[in-house]
Amino acid sequence: MPDAVSPTAAMADYFAVFGLPRRLLLDVPGLEREFYRQSRRLHPDRFARAARLDQDAALRQMSQLNDAFRVLADPIARIVYLLDLGGVRRRDERGDAGVERAPQVPAELLEEVFELNMALDEARSGGLTDPGTRRQLVQAQADFQEKLEVVDAALLERAAAWDRAQDAGETGGDILQQLSSLLDRRSYLRNLLRDVAVVLVPAP
Amino acid sequence: MAERVIGIDLGTTNSLVAYMEGQTPVVIPGEDGLNLVPSIVALTPAGDVVVGNPARKWLIEAPERAIYSVKRLMGRSQADVRDEIERFHFRVVEESGGEAGIVRLRLGERILTPPEISAYILRQLKRNAERYFGAPVRHAVITVPAYFNDAQRQATVDAGRIAGLEVLRIVNEPTAAALAYGLDKKRQGTFAVYDLGGGTFDVSILRLEDSEGESLFHVQATNGDTHLGGDDIDNLLLTIALDDIRGDLGADYFRSATVVQGLRAQVIAAKIALSTASSARLEFVLPNGKKYRREITRTQFEELISPTLDRTVPPCRAALADAKLTGTVDEVVLVGGSTRIPRVQQLVQELFGRQPHCGLNPDEVVAVGAAVQAGILSGGGSQDMLLLDVTPLSLGIETMGGVVARIIHRNSTIPASATEHFTTWVEGQTNVAIHVLQGERELAKDCRSLARFDLREIPPMAAGLPRIAVKFLIDANGILNVSAIEERTGQAAAIQVKPTYGLNDDQVEQMILDSFDNAEEDLRQRQVVEARNEAQLILDAVERARRDPAFATIAPAEQARIAELEAELRSQMASEDYGLMRTKIEALNDGTRHLAELMMNSALKAALQGRNVQEVG
């Protein structure tokens, strides 16, 4: 039953949609130009008078193009996607904003996270009346922000390394694993920062 | 498609229809020559449905026979509209569906759903276009607020179908405005559209790319509030007036529909006046004869509406954040009558750091944009423009513990899709239930329930073995389509959709059939009404002729014959047989021809000859 919405068992290859090799660093403006070029061709508006079969095909192709662009345009989503393609990450663990929720606290953060959670609990129950608690949370925020920046830099470096490995004809499987751990760490840090932000600036 | 595709702005307060004449958009006027058709629907005691300006008088004289701002009720449940209905005079009919069921309103002797009421407005616009072209019209593009959810969009498509229109595309109003603007300006850059209509508020951030002679509109983010608009400003003034009256004159008219509607008209006029004058007056004669009068200054007005206008700020900030802009937008486009208020223009400048662009008519810009899109779809004209719009709300499915798993994120470019996998828990299970929601909250109970899908006819297997891939596709209209396939057997699972807040397909089909009958009925009714009017006019003319000196000069036999024909016509007037009525009118015409010739009055002569009866003073 060929129609626009038939799901396919295999995962779509977003790199192939844009005729790009599987590399983690890419030229986003160039990607966007190609996205616009293909949109002009594939958009359902162009098929408003066509046969039903053609309309459905256009709908399917356009949604795939949109999905591909959305994923490849964002550096983190791109890495997550590549790991999915490589079978390194499990797809059914979903969290907010497509960021996978890491189940474990990264070992090296254990103590800091423990202290942070205590401070957060105190802040949540007693409010931010104690200036000491507030100071602690602001400091923690700065610390974790710094750690996040280190992780992002590491991700960029490992991504470049993976590309080099691909160019050299190597599999780079270990690099993929490293990327996966970095993503877990990043996800965890972002969640922490979000928790702190919510407590420091309560929603209106 | 040799037939034209029309673009329709189905507004809360006013509706319009437009089309593309080559590269030029043209707004199609109604019979009265006006472009704006008030979104008011009335049912006359004779059983005719009237739309637009003619309906206005019913709103004031017999409010139970009229409904306005029905857009605020589209795609919403009885529970949803409970608070809102308080401020309207409409009566909601309690249904067996209970609180969760679709809204049904009483209009005179009939009970109608919001899509049916909207269909009357659409049908009027369709007729206006057909009259203008001298040809049938069956396809349309209809606009909706960008922030409309799936149920509200579906309700609009349903209304179109009931009106006999195939809706080729549902377009977001700010995007339509952008198309109109882009047609006009063809300038690259980012811009914001601030759309404050009668009942809804939308803000969209777009990028306009111009390359190789083609314009591409790429929506970056959209946000809004589907219950915020000019109506709320009207209600503030109305409440003040009614409070005044209760306090000063000791009479409570909050429940009096006629007073409320009369005052409302006054309040709206004052509001409009305050956009150019520094003060305005409210004046109204109450049923008890007392006169209510009040001055309102612009300063007082601005203070009063400030909290309402402030509600537009968070959506604007959210959209700017989601669009990830670096710096200010290049241009701001204003849409909707309410943006004529000076304080609104000021607020827009503060929010976006730009003087708003006021070159386009805020009342017509959306209809023009709809026409541009209609042109794109009909393959004529604007082939050099393309629209990439987004879905305003995240789509999710309810998982264990009532938590929402988000599968398509807000501001994703549409069409957008996501595939999720499901399985069974029980041996031989052939059905799986899925609950789909829209919204940004974590828990299902805080989000908007879209529909419950039942996946059926799953091949029976051991528990956990089936691997059902469900594809969720949000199409170019922003409406959800779902399909499912069991991957092991490759068998498609049948899907039954139970929309939470809408009409199901059977109900719409029935309404289309009913409206078909009604269309015939409406047409017939119109013929009867027209014939009756014609009959009355000639009878009146003959009455006047009797008092003319010339009457006395004609033979008694002729006088008797005229009297006989009059009586025959009179007795025919109560019937529904307009054909027979016309025959009797003709007979009376012939019978008085001699008399007419005798009379010196040329106007009367024209009337009795049956020419231009309407022109008889």
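What counts, and where the lines are drawn
Residues numbered from 1 in each chain as written. Chains lettered and ligands numbered in written order. Predicted model: local features only at pLDDT ≥ 70, side-chain atom pairs only at ≥ 80, totals over all residues. Helix = DSSP H or I, 4+ residues; strand = E, 2+ residues; numbered from the N terminus. Buried ≥ 20, exposed ≤ 12 C-beta atoms within 10 Å, placed from the backbone. Contact = placed C-beta atoms within 7 Å. Pairing = 2+ DSSP bridges. Axes fitted to C-alpha atoms, helices over the stretch in contact; angles between N-to-C directions. Parallel < 35°, antiparallel > 145°, perpendicular 65-115°, else oblique. Left-handed = near helix turned anticlockwise from the far one by under 90°. Core = buried A, V, L, I, M, F, W, Y, C linked by C-beta atoms within 7 Å. Nonpolar A, V, L, I, M, F, W, Y, C, P; charged D, E, K, R; others polar. pLDDT = per-residue confidence, 0-100. Expected span 1.5 Å × (residues − 1).

So, the overall build of chain B
- When helices and strands are counted, chain B shows 17 helices and 27 strands.
- Its C-alpha atoms give chain B principal-axis dimensions of about 100 × 65 × 60 Å.
- Buried residues in chain B amount to 48% of all 617 residues.
- Intrachain contacts of chain B at a sequence separation of at least 6 include 68% that bridge at least 24 residues.

A closer look at the pairing of strand 23 (residues 432-438) of chain B
Residue and element names in this part refer to chain B.
- As defined by bridge partners, strand 20 (residues 395-399) adjoins strand 23 across three bridges and the pair is classed as antiparallel. Residue pairing across strands places L395 opposite Q438, the latter belonging to strand 23.
- Pairing geometry for strand 23 and strand 24 (residues 448-456), over seven bridges, is antiparallel. Pairing of Q438 across the sheet is with R448, part of strand 24.

So, the packing of helix 3 (residues 114-133) of chain B against helix 4 (residues 150-162) of chain B
Residues and elements named next belong to chain B.
- Where helix 3 meets helix 4, the closest approach of the two axes is 8 Å, and the angle between their N-to-C directions is 55°. Relative to helix 4, the element helix 3 is oriented oblique. Taken as a pair, helix 3 and helix 4 cross one another with a handedness that is right-handed. Contact residues: helix 3 offers P114, P115, E116, S118, A119 and L122, while helix 4 offers A155, D158, A159, G160 and I162.

What about the sheet that holds strand 5 (residues 40-43) of chain B?
Residues and elements named next belong to chain B.
- Taking strand neighbours across the sheet as the criterion, the three strands line up as 6-5-7 in an open arrangement whose pairing is antiparallel. Because the sheet does not close on itself, it has two edges, and the strands there are strand 6 (49-51) and strand 7 (66-68). The mean angle between the axes of side-by-side strands here comes to 15°, regardless of whether they run parallel or antiparallel.
- With three bridges connecting them, strand 5 and strand 6 associate as antiparallel partners. Following the sheet pairing, A42 is matched in strand 6 by V50.

Some remarks on the nonpolar core
- In terms of nonpolar packing, the biggest core is built from 163 residues, with I8 and V41 of chain B touching the most fellow members.
- Here the element with the most residues in this core is helix 11 (residues 365-377) of chain B; it accounts for ten residues.
- With residues near it in sequence (within four places) discarded, V41 of chain B still touches V49, V51, A55, A66, I67, L107, I117, Y120 and I121 of chain B.
- Counting residues in each nonpolar core, the second largest holds 37 residues, with L24, M62, V80 and I175 of chain A among its members.

A closer look at the interface of chain A and chain B
- Every contact between the two is made by 22 residues of chain A and, on the other side, 30 residues of chain B.
- Those elements that provide at least two residues to the side of chain A that touches chain B are helix 2 (28-42) and helix 3 (52-73) of chain A.
- Among the elements that take part in the side of chain A that touches chain B, helix 3 of chain A stands out by supplying six residues, more than any other.
- Within the side of chain A that touches chain B, the residues separate by chemical class into ten nonpolar, five polar and seven charged.

Regarding the environment of A462 of chain B
Residue and element names in this part refer to chain B.
- Along the polypeptide, A462 turns up in the loop between strand 24 and strand 25 (468-474).
- A residue is classified by how many C-beta atoms lie within 10 Å of it, and A462, with 11 of them, is exposed.
- The spacing of A462 and T424 is 38 residues in sequence and 8.2 Å in space, taken between C-alpha atoms.

With respect to the confidence of the model for chain A
Residue and element names in this part refer to chain A.
- Looking at chain A, the pLDDT average stands at 80 and 84% of residues meet or exceed 70.
- The weakest mean pLDDT in chain A belongs to helix 5 (residues 110-126) at 81; the strongest belongs to helix 1 (residues 14-17) at 92.
- With pLDDT under 50 throughout, residues 1-9 is counted as low confidence; its partners more than four residues away or in other chains account for 22 contacts.
- Throughout residues 91-102 the model reports pLDDT below 50, and contacts reaching past four residues in sequence, or to other chains, amount to 18 contacts.

With respect to the sheet that holds strand 18 (residues 331-335) of chain B
- Taking strand neighbours across the sheet as the criterion, the five strands line up as 18-13-14-15-19 (chain B) in an open arrangement whose pairing is mixed. Of all strands in the sheet, those bounded by a partner on one side alone are strand 18 and strand 19 (385-388) of chain B. Within this sheet the neighbouring strands show an average axis-to-axis angle of 25°, counted without direction.
- Bridging between strand 15 (residues 214-225) of chain B and strand 19 of chain B involves four bridges; their strand directions are parallel. Bridge assignment links F217 of chain B to a residue of strand 19 of chain B, and that residue is L387 of chain B.
- This element, helix 2 of chain A, spans strand 14 (201-211), strand 15 and strand 19 of chain B of the sheet and lies at about 105° to strand 19 of chain B.
- Sitting on the sheet, helix 9 (residues 313-323) of chain B touches strand 14 and strand 15 of chain B, and the angle it makes with strand 15 of chain B is about 135°.

Describing the confidence of the model for chain B
Residues and elements named next belong to chain B.
- Of all residues in chain B, 92% attain a pLDDT of 70 or more, and the chain-wide mean is 85.
- Mean pLDDT values over the elements of chain B span from 50, in helix 17 (residues 602-608), up to 97, in strand 1 (residues 5-10).
- The low-confidence segment residues 611-617 (pLDDT under 50) makes eleven contacts with residues lying over four places distant or belonging to another chain.

What to know about helix 5 (residues 173-185) of chain B
Residues and elements named next belong to chain B.
- In a regular helix each residue adds 1.5 Å, so 13 residues correspond to 18 Å; helix 5 covers 18 Å between its end C-alpha atoms and thus fits that length.
- Counting buried positions along helix 5 yields eleven of 13 residues, so the element is predominantly enclosed.
- Listed as buried for helix 5 are E173, P174, T175, A176, A177, A178, L179, A180, Y181, G182 and L183.

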